[in-house]
Structures are given as C-alpha cells and as structure tokens.
Amino acid sequence: METVRFTNVRQLCEDVCRNELEQYVLLRLDDREIVPDEYCFHRLMETASEVDATLTYCNYRERLADGSLVDHPVCDYQYGSLRDDFDFGPLVLINVADILSASEDFDDSISAMADGGWYALRLRLSSTGIFMNVPEYLYIAERVDHRKSGEKQHDYVNPACRQYQIDMEEALLEHLYEINALVKKEKITVDDQFDRHDSFPREATVVIPVRNRVKTVGDAVRSALSQKTTFDYNVIVVDNGSTDGTRELLRDIPDPKLRVIELTGSEGLGIGGCWNRAILHPTCGRFAVQLDSDDVYADENTLQTIVDTFRKTGAAMVVGSYIMTDFGMRPIPPGLIDHREWTDEDGPDNALRVNGFGAPRAFYTPVVRKFLFPNVSYGEDYAMCLRISRQYRVARIYEPLYFCRRWEGNSDAELSIAQVNAHNTYKDFLRSMELYARIRDNMPEISPISGEINPDSDSEDQPF
C-alpha cells in the first residue's frame, strides 16, 4: 500500500489517481518519523473494510527526546468535531474513491489554503462518510512539540496565523452551508426588555466562582469591588467548598457590595452549577458579568463599559477582550486577545471552530436564567455562549477589559493528553448539539394537514 505525504488536495488527487487500483491510501499529515507495529497497516485496512470507513485513524505512542515512549490516545470523531486542530495523529487511512468524489468540485483555491485544503477536505469527507477511530496503539511517532497544554491553547490567536484562521473560517462556513447549519442571521435584541423587569434589585452583578484560590481570589474581588459606576452593582462569590483559607479571606472583606455564597463542596457542583447559584440568587442584577478567581479587570471602568454596551446595542451577551499576563501582571505572548475575526454575520458560525468566545463574558440575566449553565467545570461558558449566539445579538468590545493571569495554579496549565482529550470531546459534544439544533431550525416547516412546505418558511432556499 502506498503512503502519501499530504501537501495539498490537488497533489493528493494526482497521487491517488496514479494508483487507481488501490482502494485505500495511507496519508501522512506531517513529517514526523513513524514506526508502525507489525500489524498496523493490516489492522487499519481490516477496520476500514469492515465498516466501509472513509477515514480510519488510531491511537499511537510518542517517542520523547530521552527515547522513552508515552501513550497518545486520540478522540473519537463526532458530528460536531469542527475544530481545525482535531488530532488524528500523523497517519490516517483514507478511501481513495471518497477522496476523489469529495474533491471533484474543489478549485485550485482550496489547495492554496494555508493547510493545503486538508480542513476543507476532511469536513467534506465527514459529511458523507464514516470516520473510524481504532482505540489501539498501532505505531510510534516522535514528539516534536514539548510545550505544556497551557502554552498551546492560545496558538489560534497568534497574529502570525491570521491568514490560516481566515482560510479555516472560509472552509467552515462553506461546510455549514452545505449541511444547512448556518445560524440564522436575524438576531433577537432585548433592549426593549431591559427596563421591563423591575424586580432586579440592581443593574449588574460580578460573578466569581472559586475553589481553593487563596493566592489569587483577593485580587479578583478587590478588582470587582473597586469598579466606578453610575449604577448600583454587587459582587457574588460562590465558594465551592474551599479548604485552603479562601473562605476565611472572603469573610474578612468588609464591603457591603460583596455577598459570598458558601457551599460545602458536597453539592456536586462544577463551575457551571456555581454560576447557576449566582444568577438565580435574588440579589443578582440585571446583567451578570464574569470574573475568574485568577484574574482581574483592567481598570475601574470595566463594569461601566460593559453595561453601557448592553444599553447601546440591545445585546443579550457582551464579550470583551483580554491581555495575557504572568502572575505579576506583565504581558506575555500572545498579548492582547480580542477576537477581531468576529463579525455579527459570521461570528456565531465561526465560534463552532474555535474553543472560546473570549473574556470577560457578560449576560442579560433573564436569558441566562432561561437556559442555565451545564453543571461542568470546563466548557460551561462555551455552551452558554453557543446557545445565546444562535438566537440573540452578541456585542463585542475590542479594547482590553481584563487581565488573564497565567501561573502554575491555572487549572489548565499542565494537562495530560487524556485530560485534553476529555475537554475536547466535551466541546465537540456541545458543537454536535448545536449543529443538530441549527439544522432543525433551518428545515422548512411542513404543514401537518397538506404536507406542503410553509410558504412563510425562510429556509426552503437552503440546501439540506
């Protein structure tokens, strides 16, 4: 069986056409040295043949610089595995006929993309074929990226990768169009409701979930309490069973604007559950504004800027920009993260490709109370942002409002491969849910009496 090094879609098609008698081709996605085990190719071929898979991949082991081996499991591919950094490993087996069929209407612009069109090709393949993960370690590849998880997670916002991000966004939008999953462009604004809810005791609330962050939470709370506003606000800290002195520190802050909800830690709440406790609390304000216990606002005007943006735009969610810093508040690469790729038209769609919306995030409380956060400690904010952006206007602030401090105590600073996979699997699940919901919303309405398409449906001109 031929092994082909992928460079671009056009070259791949030329390579497989020269070997038209082969049903499958082994595709190398990077230049790492690969050492297959004795039965690697047989196992991949057997699996692909049994299920008629379009793309087959597997777990592998990595050889470290000292010669030792570590397991590198990979994730199962879901319908919502739309992130462009999905890790198949460096070796995949692909059905030749499916490659040629999927790429027959691709023009040269696909091959000219920053990744050679691989993302566009695998999205097209995934919409019609089976992607099969063999949960067995079938080869060894050298490890070339030795950074910790916390050092990798913001690669996608590196300014040097801007053209790559533009290419990937274009590929995703085309894929969503083909499967009828583009979000509806008409967005609900809620400015006509802002003053209808007279039951809110104040205009805004800063929400800080915390567990065992005695080293940082004081800075976060003082940052929130020092805000200068023209309206009344408070700060709700949800202490999820801290045992390191965090609770005692919070009790010693004598500010009437601060309310601490003390949990035992046995309630089974993740960060999302803590958020729900805060937003459902009777003292929560009209707008709920996020602040992580590691971080601080950029200055004393952050809360006023966010609320003014709500009032100006009628958005149900406002997302700001932040600066990455070390623990001493010194900027570190990539510096300012402002998500300027966001547009009102395409931002909610492109959000299915990246792993976050940005920070700080702020919500119109009645909308969040309607949906509620999933009770998890990773991806709870992403789930809420996806759900809101499907229907409601989202406003962005591109000036820095927030300092995101990176230090050894960050929960995502040094994750294992298994933990990274668990996080990615959960967000792929959220994306899958969102895709199914969008496709359902975009389907033309059928009259239960006549069986005809409702002429008032605005989706009958979209392909499905």
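Cut-offs applied
- Residues numbered from 1 in each chain as written.
- Predicted model: local features only at pLDDT ≥ 70, side-chain atom pairs only at ≥ 80, totals over all residues.
- Heavy atoms only, no water.
- Salt bridge = Lys/Arg side-chain N within 4 Å of Asp/Glu carboxyl O.
- Helix = DSSP H or I, 4+ residues; strand = E, 2+ residues; numbered from the N terminus.
- Buried < 20%, exposed > 50% of the residue type's maximum accessible area, 1.4 Å probe, protein only.
- Phe/Tyr/Trp six-rings, centres within 6.5 Å; stacked < 30°, edge-to-face > 60°.
- Lys NZ or Arg CZ within 6 Å of the ring centre and 35° of its normal.
- pLDDT = per-residue confidence, 0-100.
- Contact = heavy atoms within 4.5 Å.
- Axes fitted to C-alpha atoms, helices over the stretch in contact; angles between N-to-C directions.
- Parallel < 35°, antiparallel > 145°, perpendicular 65-115°, else oblique.
- Left-handed = near helix turned anticlockwise from the far one by under 90°.
- Nonpolar A, V, L, I, M, F, W, Y, C, P; charged D, E, K, R; others polar.
- Polar contact = N/O pair within 3.5 Å; in protein donor to acceptor, adjacent residues only side chain to side chain.

Comments concerning the pattern of salt bridges
Applying the stated criterion to the full structure yields 36 salt bridges. In this structure, the salt-bridge partner of Arg-10 is Glu-14, at a minimum N-O distance of 3.6 Å. Of the two residues, Arg-10 and Glu-14 both sit in helix H1 (residues 9-17), 4 residues apart, roughly one turn of that helix. Judged by its relative accessible area of 35%, Glu-14 falls in the partly exposed class.

A word on the packing of aromatic side chains
According to the stated counting rule, one finds 24 aromatic pairs in the structure shown. Between Trp-275 and Phe-373 the ring centres are 5.1 Å apart and the planes differ by 35°, which places this aromatic pair in the tilted class. Here Trp-275, found in helix H10 (residues 271-279), pairs with Phe-373, found in the loop between helix H13 (365-371) and helix H14 (380-391); they are 98 residues apart in sequence, far enough to count as distant. Of the residues examined, Trp-275 reaches a relative accessible area of 5% and is grouped as buried. Taken together, Phe-6, Tyr-57, Tyr-77, Phe-86, Phe-88, Trp-118 and Phe-131 form an aromatic cluster joined through their ring pairs. Arg-405 extends its terminal NZ or CZ atom over the ring of Phe-327, reaching a point 4.7 Å from the ring centre. Over the face of the ring belonging to Tyr-382 we find Lys-427, whose NZ or CZ atom lies 4.9 Å from the ring centre.

Comments concerning helix H5 (residues 118-128)
Buried residues dominate H5, accounting for 9 of its 11 residues. Buried within H5 are the following residues: Trp-118, Tyr-119, Ala-120, Leu-121, Arg-122, Leu-123, Arg-124, Leu-125 and Ser-126.

Things to note about the confidence of the model for the protein chain
Across the protein chain, the average pLDDT comes to 91, with 90% of residues at or above 70. Note that residues 458-464 has pLDDT below 50 and, in this model, 18 contacts with residues that lie over four places away or in other chains.

As for the packing of H14 against helix H15 (residues 417-442)
At a closest axis distance of 10 Å, the pairing of H14 and H15 adopts a crossing angle of 15°. Between H14 and H15, the angle falls in the class roughly parallel. The two elements H14 and H15 meet at a crossing, and its hand is right-handed. On the side of H14, the interface is formed by Tyr-382, Ala-383, Leu-386, Arg-387 and Arg-390, while H15 contributes Lys-427, Leu-430, Arg-431, Glu-434, Ala-437, Arg-438, Arg-440 and Asp-441.

A short note on the packing of H5 against helix H7 (residues 162-178)
Interaxial distance between H5 and H7 falls to 9 Å at its minimum, and their mutual angle equals 20°. When the axes of H5 and H7 are compared, the pair comes out roughly parallel. Considering only the axes of H5 and H7, their crossing is right-handed. Listed contacts from H7 to Tyr-119, Ala-120, Leu-123, Arg-124, Ser-126 and Ser-127 of H5 are Met-168, Ala-171, Leu-172, His-175 and Glu-178. Of the residues belonging to the contact of H5 with H7, the class tally is 6 nonpolar, 3 polar and 2 charged.

Some details on unusual backbone geometry
Residue Pro-333 is joined to Pro-334 through a cis peptide bond whose omega torsion reads 5°. Considering the arrangement of structural elements, one finds Pro-334 in strand E14 (residues 331-337). Residue Pro-360 is reached from Ala-359 by a cis peptide bond, and omega for that bond is -5°. The phi dihedral of Asn-212 falls on the positive side, at around 55°, and the residue is not glycine. With respect to the helices, strands and loops of the structure, Asn-212 is situated in the loop between strand E8 (204-210) and helix H8 (217-225). We note that His-339 has phi near 50°; this positive angle belongs to a residue other than glycine. Position of His-339 among the secondary structure elements: in the loop between E14 and helix H12 (347-350).

Let's talk about the side chain of Arg-361
Looking at where Arg-361 falls in the secondary structure, it is placed in strand E15 (residues 361-364). Take Arg-361: its relative accessible area is 10%, and that puts it in the buried class. Among the polar contacts made by the side chain of Arg-361, one reaches the side chain of Asp-381 at a distance of 3.0 Å.

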